[in-house]
Amino acid sequence: MNVDLFGRTVELDASRLDASESDASIREQVREYAAGERRAFDLAVALPDGFTGAVMAEMQAIPYGETRTYGEIATALDTAPVAVGRACGNNPVPLVVPCHRVVGVDSLGGYSAGDGTALKERLLALEGAPVVEEVRNDAHRSPGSS
């Protein structure tokens, strides 16, 4: 199913979402999220088996307004960051499983939903998450500086 978000079309594989939820309910939750009224989706997700499912489970654990790097997730799963990036790109339910919260150390990284990184940056801004420049500045700040 396709949902509209900030004038962009995002494809969600509804077969991965709880069958008891209607398309209207899913669309309403996306609308609430975009309006800043919702921080988490109340939709059960059937994670794929294997590595992509493991990466998606890690993404689900990233709180609203926070980010993790591909490397941090790779370390948690004892794999390589590029493998995590590929799995993020295979996420069948972006937004619901927040792959936009996974960033590179010094770049946004990719985003397979909507119009790509422009939407990813907009989602991170909506959530008040640090964007790459802020993350880079924090990493280069010496202890005790503000």
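The coordinates are above.
This report concerns the structure included in the present document. If you're wondering where the values come from, they're calculated on a predicted model, not measured in any experiment. (Residues numbered from 1 in each chain as written. Predicted model: local features only at pLDDT ≥ 70, side-chain atom pairs only at ≥ 80, totals over all residues. Heavy atoms only, no water.)

**Overview of the environment of arginine 86**
Here arginine 86 lies in helix α4 (residues 81-89). The exposure class assigned to arginine 86 is exposed, which follows from its relative accessible area of 55%. (Helix = DSSP H or I, 4+ residues; strand = E, 2+ residues; numbered from the N terminus. Buried < 20%, exposed > 50% of the residue type's maximum accessible area, 1.4 Å probe, protein only.)

**A closer look at the packing of aromatic side chains**
Taken as a whole, this structure holds two aromatic pairs when the rule is applied. When the centroid spacing of 5.5 Å and the interplanar angle of 35° are considered together, the rings of tyrosine 33 and phenylalanine 41 count as tilted. Comparing tyrosine 33 with phenylalanine 41 shows no difference in burial state: the two are buried. Ring geometry for tyrosine 33 and tyrosine 64: centres 6.4 Å apart, planes at 80°, overall edge-to-face. Linking tyrosine 33 in helix α1 (residues 23-34) with tyrosine 64 in the loop between α2 (51-60) and β3 (68-69), this pair joins segments that are 31 residues apart in sequence. Its relative accessible area of 15% is what places tyrosine 64 among the buried residues. One aromatic cluster is present, formed by Tyr33, Phe41 and Tyr64 through successive ring pairs. Lying across the ring of phenylalanine 6, arginine 122 places its NZ or CZ 3.9 Å from the centre. (Phe/Tyr/Trp six-rings, centres within 6.5 Å; stacked < 30°, edge-to-face > 60°. Lys NZ or Arg CZ within 6 Å of the ring centre and 35° of its normal.)

**What about the packing of α2 against α4?**
A pair of packed helices is characterised by two quantities: the angle between their axes and the separation of those axes. Close contact between α2 and α4 brings their axes to 9 Å; oriented N to C, the two are set at 85°. Put simply, α2 runs roughly perpendicular to α4. Here α2 contributes Phe51, Thr52, Val55 and Met59 to the contact with α4, which in turn contributes Ala83, Val84, Ala87 and Cys88. For the contact of α2 with α4, the class distribution of residues is seven nonpolar, one polar and no charged. (Axes fitted to C-alpha atoms, helices over the stretch in contact; angles between N-to-C directions. Parallel < 35°, antiparallel > 145°, perpendicular 65-115°, else oblique. Contact = heavy atoms within 4.5 Å. Nonpolar A, V, L, I, M, F, W, Y, C, P; charged D, E, K, R; others polar.)

**What to know about the environment of glycine 89**
Among the secondary structure elements, glycine 89 is positioned in helix α4. As a C-alpha pair, glycine 89 and alanine 113 span 24 residues in sequence and 8.5 Å in three-dimensional space.

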